[in-house]
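Reading the structure
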Amino acid sequence: AREARRRPAGRFVLRQSYLVARAADDYLAVFSWAEIANSGLGDGVVVAYRLDGAPLATSERPLALVSARDTRSGPRHVRWLSSIDLRRATP
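If you're wondering where the values come from, they're calculated on a predicted model, not measured in any experiment. (Residues numbered from 1 in each chain as written. Predicted model: local features only at pLDDT ≥ 70, side-chain atom pairs only at ≥ 80, totals over all residues. Heavy atoms only, no water.)

Turning our eyes to something else, we now look at the sheet that holds strand 7 (residues 77–78). Strand order in the open sheet formed by three strands is 3-6-7, and the pairing between neighbours is antiparallel. On the outer flanks of this sheet lie strand 3 (45–48) and strand 7, each paired with one strand and no other. Bridge analysis of strand 3 against strand 6 (residues 64–67) gives four bridges, and the strand direction is antiparallel. Within strand 6, the residue paired with Val45 across the bridge is Ser67. (Pairing = 2+ DSSP bridges. Helix = DSSP H or I, 4+ residues; strand = E, 2+ residues; numbered from the N terminus.)

This is the structure in structure tokens:
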């Protein structure tokens, strides 16, 4: 039997990854790596601490993550952003 050639583990790690944005109240928004890095949607994902030069509203602070280019179910929006984790999908 022929052995399968193994590719270096790090070559495609980001392609197998996703981002999880978590709010202080544990609300989550999830983005695949492909959405962020390989599509126009990624250009519209921002972490904000100000809006039009002023601090965010109290209901949003201190940080918010907004995906302005989501089209299907409305924009993903995380108020009171507490963390962004990069995770690897496991088979």
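Having put the structure on the table, let's press on.
For the rest of this paragraph, the subject is the side chain of Arg76. Mapped onto the elements of the fold, Arg76 is located in the loop between strand 6 and strand 7. In this structure the side chain of Arg76 is engaged in a polar contact, spanning 2.8 Å, whose partner is the side chain of Asp70. For Arg76, the contacting residues outside a window of four places in its chain are Ala29, Val30, Phe31, Glu35, Leu41, Leu65, Val66, Ser67 and Asp70. (Polar contact = N/O pair within 3.5 Å; in protein donor to acceptor, adjacent residues only side chain to side chain. Contact = heavy atoms within 4.5 Å.)

When a strand is regular, its side chains alternate between the sheet's two faces. Across the seven residues that make up strand 1 (residues 17–23), a large majority, five, are buried. Where strand 1 and strand 2 (residues 28–32) come together, five bridges link them in antiparallel fashion. Looking at strand 2, one finds that Leu19 is bridged to Phe31. Taken together, strand 1 and the strand that follows it, strand 2, pair antiparallel across an intervening segment of four residues, in which Asp26 is found at a positive phi of about 75°. (Buried < 20%, exposed > 50% of the residue type's maximum accessible area, 1.4 Å probe, protein only.)

Looking now at unusual backbone geometry. With omega at 0°, the peptide bond leading from Arg61 into Pro62 counts as cis. Even without a glycine there, the phi angle at Asp26 is positive, about 75°. Tracing the backbone shows Asp26 in the loop between strand 1 and strand 2. Even without a glycine there, the phi angle at Trp80 is positive, about 50°. Structurally, the position occupied by Trp80 is in the loop between strand 7 and strand 8 (81–88).

By the definition in use, this model includes six salt bridges. Its salt-bridge partner being Asp26, residue Arg22 comes within 3.2 Å of it at the nearest N-O pair. Of the charged contacts, one joins Arg87 and Asp85 as a salt bridge, the two residues approaching to 3.5 Å between their closest N and O atoms. Residue classification places Arg87 among the partly exposed residues on the basis of a relative accessible area of 32%. A relative accessible area of 29% places Asp85 in the partly exposed class. Among the charged side chains, a network of salt bridges with common partners joins Glu35, Asp70 and Arg76. (Salt bridge = Lys/Arg side-chain N within 4 Å of Asp/Glu carboxyl O.)

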